[in-house]
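# Examining the three-dimensional arrangement
Below are the chains, spelled out letter by letter.
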Amino acid sequence: MPALNDVLSARLHSIPEASRRALVEAHVRHGTHIVVDGREYLHFSGNDYLGLIQHPKVLQAAQNALDTHGAGAGASRLVTGNHAHYGALETALADYLRLEAALVFSSGYAATLGTIAALMEEGDLILADKYAHACMIDGAQLSGAKLMRFAHNDMAHAESILAKHRSQFNNVLIVTEHIFSMDGDNAPLDALIDLKKRYRSWLMVDDAHGIGITYYLHKNDVDIWSGTLSKALASVGGYVAGSRTLMNYLIQSARSMIFSTALPPSAVAAAHAALEIMVAEPERGALALGHAKAFTEALGLPPAHSAIVPVIIGEDADAVAASAALKEQGFWVSAIRPPTVPKGTARLRVTFSAAHTREQVLALAEAVKPWVKS
Ligand SMILES: *Cc1c(COP(=O)(O)O)cnc(C)c1O
């Protein structure tokens, strides 16, 4: 039998150099700046949309919980890790979303994956948008249900799959993102609700990039919402929100929650403080969205729908060169390449935060201009 490291080295060598991922040490400062290799950059690649990562009230809430409860939860939620910060946050989340209940997991990835795997089984169908996040695809694979994909936001394609296959399956779950993480566009939720009603299906929406930025009002027509505490909510963790019955069921069956240690009280308290600021100061989300719109307007790009703006470059090498040129000018903007995005659509992915100033946003637009196709 070959040695493990020889097998792994051969696999690593088969990944083209340009596609190989690497961990880069980065220090975030004041929310809007990062320091990499001793150099400071204006940061346009983070998910701290509301600028709350360094907010004094968020830090104080975390500090208070640290002082009271210590560094860790010490056990899974179902054993003795279910500290009081969980219930307080879940009530606040459910109230904000105007849903019956919410359940907090260790990450957004664990929340969505664990929920899909717990709900669906062999004989069921999961119908996912082509651009749906890995947590939905991985959850679908874990569940044992059949997975089919429809072209991104293409309702006619989704309907053609349901028309052809609905009758062959027991339960059907349609899964999508509210705001797509690599494109910043939104799913046609009204059309999806119509579709799920006509084809006796359930609908699950991952709101990781929507919460705090854009609000969808017909909450009850979506059977399951999921999201993260790590983006607008400035901490770590994830949630599922919907009916009380759904949460009761997940407590019995969501393995990614049952078999994993609870989040530190400080992390849950920080997310709760961030949620309170988000609710009290809706202008923060509006500011991040306004920055994105100012950026797309300055560059003649399609108007932004969220705090995420893709600048499509095309070839992988060109996107990498654009990102490197921006770094030279002091802007940190990630290049996103296949397989994360479709071939030929390598891009700069720009994200905006309430912590940015309009001057910073317009300076970035000026620097990106040479890379925008007219
Ligand atoms: C970030 C993200 C997640 C994962 O959330 P974490 O809390 O970081 O694990 C899930 N879904 C989507 C769409 C995301 O963008």
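Now for a quick tour of the structure. All values reported here derive from a predicted model rather than from experimental measurement.

Scanning all chains against the criterion turns up 6 aromatic pairs. For the pair Tyr 41 and Trp 332, a centre-to-centre distance of 5.1 Å together with 70° between the ring planes defines the contact as edge-to-face. Highlighted residues: Tyr 41 in strand S3 (residues 39-43) and Trp 332 in strand S12 (residues 331-332), separated in sequence by 291 residues. Assigned by exposure class, Tyr 41 and Trp 332 land together as buried. Each ring, one from Phe 44 and one from Phe 331, has its centre 6.4 Å from the other, and the planes form 45°; the classification is tilted. Within this pair, whereas Phe 44 is found in the loop between S3 and helix H2 (56-69), its partner Phe 331 is found in strand S12, the two being separated by 287 residues in sequence. For the pair Phe 44 and Phe 331, one class covers both residues: buried. In textbook terms, an aromatic cluster arises when at least three aromatic residues are bridged by ring pairs, as seen for Phe 44, Phe 295, Phe 331 and Phe 352. Between the NZ or CZ atom of Arg 77 and the centre of the ring of Tyr 86, over which it lies, the distance is 3.7 Å. The residue whose ring lies beneath Lys 327 is Trp 332, and the NZ or CZ to ring-centre distance is 4.0 Å.

This next bit is on the packing of helix H5 (residues 108-119) against helix H6 (residues 134-143). Two elements in contact, H5 and H6, have axes whose closest approach is 7 Å; the angle formed by their N-to-C orientations is 30°. In terms of axis orientation, H5 runs roughly parallel to H6. Taken as a pair, H5 and H6 cross one another with a handedness that is right-handed. The segment H5 lies against H6, with Tyr 109, Thr 112, Leu 113, Ile 116 and Ala 117 engaging Ala 134, Cys 135, Met 136, Asp 138, Gly 139, Ala 140, Leu 142 and Ser 143. Here the residues of the contact of H5 with H6 sort into 9 nonpolar, 3 polar and 1 charged.

For the structure shown, the criterion picks out 9 salt bridges. For Asp 183, the salt bridge identified is with Arg 347, shortest N-O distance 3.1 Å. Highlighted residues: Asp 183 in the loop between strand S7 (172-177) and helix H8 (189-198) and Arg 347 in strand S14 (residues 346-351), separated in sequence by 164 residues. Here Arg 347 falls in the buried class, since its relative accessible area comes to 2%. Linked by salt bridges that have partners in common, Glu 159, Asp 194 and Arg 198 make up one network.

Turning our eyes to something else, we now look at the site of the ligand. Within the structure, the ligand sits among 14 residues, and Gly 108, Asp 206, His 209, Thr 228 and Lys 231 are positioned closest to it. Here a nitrogen atom of the ligand and a side-chain polar atom of Asp 206 are 2.6 Å apart. Within the contact set of the ligand, an oxygen atom lies 2.6 Å away from a side-chain nitrogen or oxygen of Lys 231. The fraction of the free accessible surface of the ligand (380 Å²) that becomes covered by protein chains is 84%. A class-by-class count of the residues in the shell around the ligand yields 3 nonpolar, 8 polar and 3 charged.

Definitions and limits used
- Residues numbered from 1 in each chain as written.
- Predicted model: local features only at pLDDT ≥ 70, side-chain atom pairs only at ≥ 80, totals over all residues.
- Heavy atoms only, no water.
- Phe/Tyr/Trp six-rings, centres within 6.5 Å; stacked < 30°, edge-to-face > 60°.
- Helix = DSSP H or I, 4+ residues; strand = E, 2+ residues; numbered from the N terminus.
- Buried < 20%, exposed > 50% of the residue type's maximum accessible area, 1.4 Å probe, protein only.
- Lys NZ or Arg CZ within 6 Å of the ring centre and 35° of its normal.
- Axes fitted to C-alpha atoms, helices over the stretch in contact; angles between N-to-C directions.
- Parallel < 35°, antiparallel > 145°, perpendicular 65-115°, else oblique.
- Left-handed = near helix turned anticlockwise from the far one by under 90°.
- Contact = heavy atoms within 4.5 Å.
- Nonpolar A, V, L, I, M, F, W, Y, C, P; charged D, E, K, R; others polar.
- Salt bridge = Lys/Arg side-chain N within 4 Å of Asp/Glu carboxyl O.
- Near = heavy atom within 4 Å.
- Polar contact = N/O pair within 3.5 Å; in protein donor to acceptor, adjacent residues only side chain to side chain.
- Areas by Shrake-Rupley, 256 points an atom, 1.4 Å probe, with all protein chains shown as cover.

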